[in-house]
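This is what each chain is made of:
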Amino acid sequence: MVNPPALSINWVAVMKDSNTKLAEWLGRSGWSRGELARRVRSLAAEWGQPHISSDASSVRRWLHGEVPRPPVPAILADLFSARFGYRVTTYDLGLGDAPDIDRALFYSPSWAVTVESVAELGRADVERRAFLAGAPFAVAAAVGPSRDWLLNTLDGTPRPGRRVRLEDVTAVRNMFGAFQEMDIFQGGGSGRLALAAYMNEHVYPLLRRTHTDDVRRALCEAAAEQTYLLGWMAFDNGEHGTAQRYLTQALRLAEESKDAALGAHVLAGMADQATLLGHPAEGRRLAQAGRQGLARTHAPACLADLWTLEARALAALGEEKATAHAVNEAERVFATVVPEREPEWAKFIDPAYLGGEWAHAFRDLGRPEHAEEHARRSIGHARRQNRARRGAMSQATLAVSHLQRRDLESAHAAGVRAVDLAGRVKSSRCVEAVRGVQRRMVPFGRHPLVADFNERAAHLRAA
């Protein structure tokens, strides 16, 4: 077979039927072929890709079926999106099949690959594509990114940046608090698609543009915070394959920002997910990597969280003495936290959250007296803050601690409160917490309180 002659470095010579989709979008835009080519060159230069050349002949070849090399399809998608005022994707233009979302599982040393991976993932998420919804959690991919981040955090030096205004970054930062509050008070299933759309439209495109080194670091920090939040929301909504991919790319963006505490915070989320999905040994290693990454910075809230998640993993492994030590370390470190000095993303690390996690650890160890003590503290703080998700999870833990003492009546009362709170938020973790109480009630057979609780929880199971 004879290979076709090379064209330009910008094109892939893949011949197929005429691209009627692209032709339709071009016709609707009112642009000529030459005008589209000029706009491609201009935007490519903004993205730091001045070598990309295009003219009317290039556009004619695309219309006849040739597919331009990345990032030209993404540039075209952004151009048509701006023209029509809503998101137009490469798939809409007939210039892309389903993206390789597994690329987002890998921690790439290449900045360009990282940007394309996270932008591709965001587009697939907003479009609710089936191949992403069914993506599994890959335990083999969980630890490699933590190793690469740790090595680069401890030994790396800043790389030279490309040229976005600080005002753009401030606007991104101002949105973070609103989306984080939406997650805390309404659950991860409420605002994620809105956040993903915001990131696709306003944040990820900024990563492709030029900026000074200080603006680059600030932008990467802001993008990492919100990409982490996307992952956390997906995690809370039970979409673990999606969550893992977002968290991996958030870790890479955090490295680029040179913010070790933010990277350690992302590792805490990865540790939480690994332990929840039945891989506590991986969860422990991820939490330990995060603690090591904090060796040269002062971040007590994040450190307390990492000790807490290590305790959760140790409890799942049945290591009672080590769990108690980790909880004690978390308590000691958290006592030094000054809330006003903590970053926005650390605001959730408070007595309501930590107490609930410590209660969960002691519940897993079969220590109901300690579990109840911490659960009640968490419930009190969550009630004062009107945090239904945290309250539901801690009430469920309290219910299990009662069941471990064979106190069905108290367990039923706490479980009913958990069901009520879980119904106020969109969180698969709350639903799973209620299901956990139901499973623990099975040994009590057909007791009327068990039947009543199952009836009350039925609407959550259906949801």
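Residues numbered from 1 in each chain as written. Predicted model: local features only at pLDDT ≥ 70, side-chain atom pairs only at ≥ 80, totals over all residues. Heavy atoms only, no water.

Enquirer: How should I be thinking about the overall build of the protein in this particular structure?
Expert: A count of helical and extended segments in the protein gives 21 helices and two strands. A burial count over the protein gives 56% of its 463 residues as buried. (Helix = DSSP H or I, 4+ residues; strand = E, 2+ residues; numbered from the N terminus. Buried < 20%, exposed > 50% of the residue type's maximum accessible area, 1.4 Å probe, protein only.)

Enquirer: Explanation requested: the packing of helix α12 (residues 260-276) against helix α13 (residues 280-293) in the structure shown.
Expert: The geometry of a pair of packed helices is captured by two quantities: the angle between their axes and the separation between those axes. Relative orientation of the contacting elements α12 and α13 amounts to 170°, with a least axis distance of 8 Å. As far as their axial angle goes, α13 and α12 are roughly antiparallel. Contact with α12, carried on its side by A260, A264, L267, M270, A271, A274 and T275, involves P280, E282, G283, L286, A287, A289, G290 and G293 of α13 and no other residues of that element. Partitioned by chemical class, the residues of the contact of α12 with α13 number ten nonpolar, four polar and one charged. (Axes fitted to C-alpha atoms, helices over the stretch in contact; angles between N-to-C directions. Parallel < 35°, antiparallel > 145°, perpendicular 65-115°, else oblique. Contact = heavy atoms within 4.5 Å. Nonpolar A, V, L, I, M, F, W, Y, C, P; charged D, E, K, R; others polar.)

Enquirer: Sorry if this is basic, but what is going on with empty space enclosed by the protein here?
Expert: Using a probe with the size of a water molecule, rolled over the atoms, empty space left in the structure can be pinpointed. Size it by volume and the largest cavity reaches roughly 200 Å³. Taken together, 15 residues make up the lining of the largest cavity; nearest its centre are D183, I184, W232, F348 and R389. Those elements that place two or more of their residues in the lining of the largest cavity are α8 (166-186), α10 (213-236) and α18 (388-404). (1 Å grid on protein atoms, 1.4 Å probe; cavity = no way out; pocket = protein on both sides within 12 Å on 5 of 7 lines; lining within 4 Å. Points joined across faces, edges and corners; volume = space filled by probe spheres on them.)

Enquirer: Please explain unusual backbone geometry as it appears in this structure.
Expert: Generally, phi is negative for residues other than glycine and the peptide bonds are trans, each holding for most cases. Going from P70 to P71, the amide bond is cis rather than trans, its omega being 5°. Mapped onto the secondary structure, P71 falls in the loop between β2 (67-68) and α4 (72-84). For N386, which is not glycine, the phi dihedral falls at a positive 60°. Within the secondary structure, N386 is located in the loop between α17 (368-385) and α18. Of note, the phi angle at R406 is positive, near 70°, even though the residue is not glycine. You can call R406 exposed: its relative accessible area is 55%.

Enquirer: What exactly am I supposed to notice about the packing of aromatic side chains here?
Expert: How two aromatic rings sit relative to each other is given by the distance of their centres and the angle of their planes. Throughout the structure, instances matching the rule amount to five aromatic pairs. With a centroid separation of 5.6 Å and 35° between ring planes, the pair formed by W31 and F80 is classed as tilted. Of this pair, W31 sits in the loop between α1 (20-29) and α2 (33-46) while F80 sits in helix α4, and the two are 49 residues apart along the sequence. This pair shows no difference in class: W31 is buried, exactly as F80 is. (Phe/Tyr/Trp six-rings, centres within 6.5 Å; stacked < 30°, edge-to-face > 60°.)

Enquirer: Mind showing me how you'd approach the pattern of salt bridges here?
Expert: Where charged atoms from two side chains of opposite charge come close, those side chains can pair. One pass over the full model with this rule turns up 31 salt bridges. A salt bridge links R367 to E320, with the nearest nitrogen and oxygen atoms 2.3 Å apart. In this pair, R367 sits in the loop between α16 (351-364) and α17 while E320 sits in helix α15 (residues 320-334), placing the two residues 47 residues apart along the sequence. (Salt bridge = Lys/Arg side-chain N within 4 Å of Asp/Glu carboxyl O.)

Enquirer: Just to check I follow, could you spell out the packing of helix α11 (residues 240-257) against α12 for this structure?
Expert: At a minimum axis distance of 8 Å, the contact between α11 and α12 shows a crossing angle of 160°. Overall, the two elements α11 and α12 adopt an arrangement that is roughly antiparallel. At the point where α11 passes α12, the crossing takes the left-handed sense. On α12, the residues touching H240, A243, Q244, L247, T248, A250, L251, A254 and S257 of α11 are L262, G263, V266, L267, G269, M270, Q273 and L276. Here the residues of the contact of α11 with α12 are counted per class, giving ten nonpolar, seven polar and no charged. (Left-handed = near helix turned anticlockwise from the far one by under 90°.)

Enquirer: Just to check I follow, could you spell out the nonpolar core for this structure?
Expert: A general tendency of soluble globular proteins is for nonpolar side chains to be buried together. Judged by nonpolar contacts, the single largest core of 77 residues is most densely connected at L195 and Y204. Sort the elements by how many residues they give to this core and α10 lands first, with 13 residues. Residues in contact with L195, not counting those within four places in the same chain, are F179, Q226, L229, L230 and M233. (Core = buried A, V, L, I, M, F, W, Y, C linked by side-chain atoms within 4.5 Å.)

Enquirer: Explain the confidence of the model for the protein to me, please; I cannot follow it from the model alone.
Expert: Reading predicted coordinates in detail is not appropriate for stretches of low pLDDT. Residues at a pLDDT of 70 or more form 83% of the protein, whose mean pLDDT is 84. Low confidence marks residues 154-162, where pLDDT is under 50. Its contacts with residues over four positions away, or in another chain, come to 25 contacts. (pLDDT = per-residue confidence, 0-100.)

Enquirer: Before we go on, may I ask you to explain the environment of R208 in this structure?
Expert: Secondary-structure assignment places R208 in helix α9 (residues 188-208). Assessed through its relative accessible area of 5%, R208 is described here as buried. The spatial distance from the C-alpha of R208 to the C-alpha of V164 is 9.5 Å, given a sequence separation of 44 residues.

Enquirer: Would you take a moment to explain the side chain of Q226 for this structure?
Expert: The topology assignment puts Q226 in helix α10. Within the structure, the side chain of Q226 is placed 2.8 Å from the backbone oxygen of V172, a separation counted as a polar contact. The contacts of Q226, once residues within four sequence positions are left out, are V172, M175, F176, F179, L195, Y198 and M199. (Polar contact = N/O pair within 3.5 Å; in protein donor to acceptor, adjacent residues only side chain to side chain.)

Enquirer: Looking at this model, I keep getting lost on the environment of P343. Mind explaining?
Expert: Among the secondary structure elements, P343 is positioned in the loop between α15 and α16. Looking at P343, the relative accessible area reads 28%, which means it is partly exposed. Residues P343 and C302, 41 residues apart in the sequence, show an inter-C-alpha distance of 9.8 Å.

Enquirer: Any chance you could explain α12 here in plain terms?
Expert: A turn of α-helix holds 3.6 residues, and therefore any two residues three or four places apart point the same way. Here α12 spans 24 Å end to end across 17 residues, near enough to the 24 Å set by a 1.5 Å rise per residue. A large share of α12 lies buried, amounting to 16 of its 17 residues. N-cap assignment for α12: the residue whose side-chain oxygen lies 3.1 Å from the backbone N of A261 is D259. (Expected span 1.5 Å × (residues − 1).)

Enquirer: Can you walk me through the environment of A274 in this structure?
Expert: Among the secondary structure elements, A274 is positioned in helix α12. By relative accessible area, A274 is classed as buried at 1%. Expressed as a C-alpha distance, the spacing of A274 and R285, which sit eleven residues apart in the sequence, is 9.9 Å.

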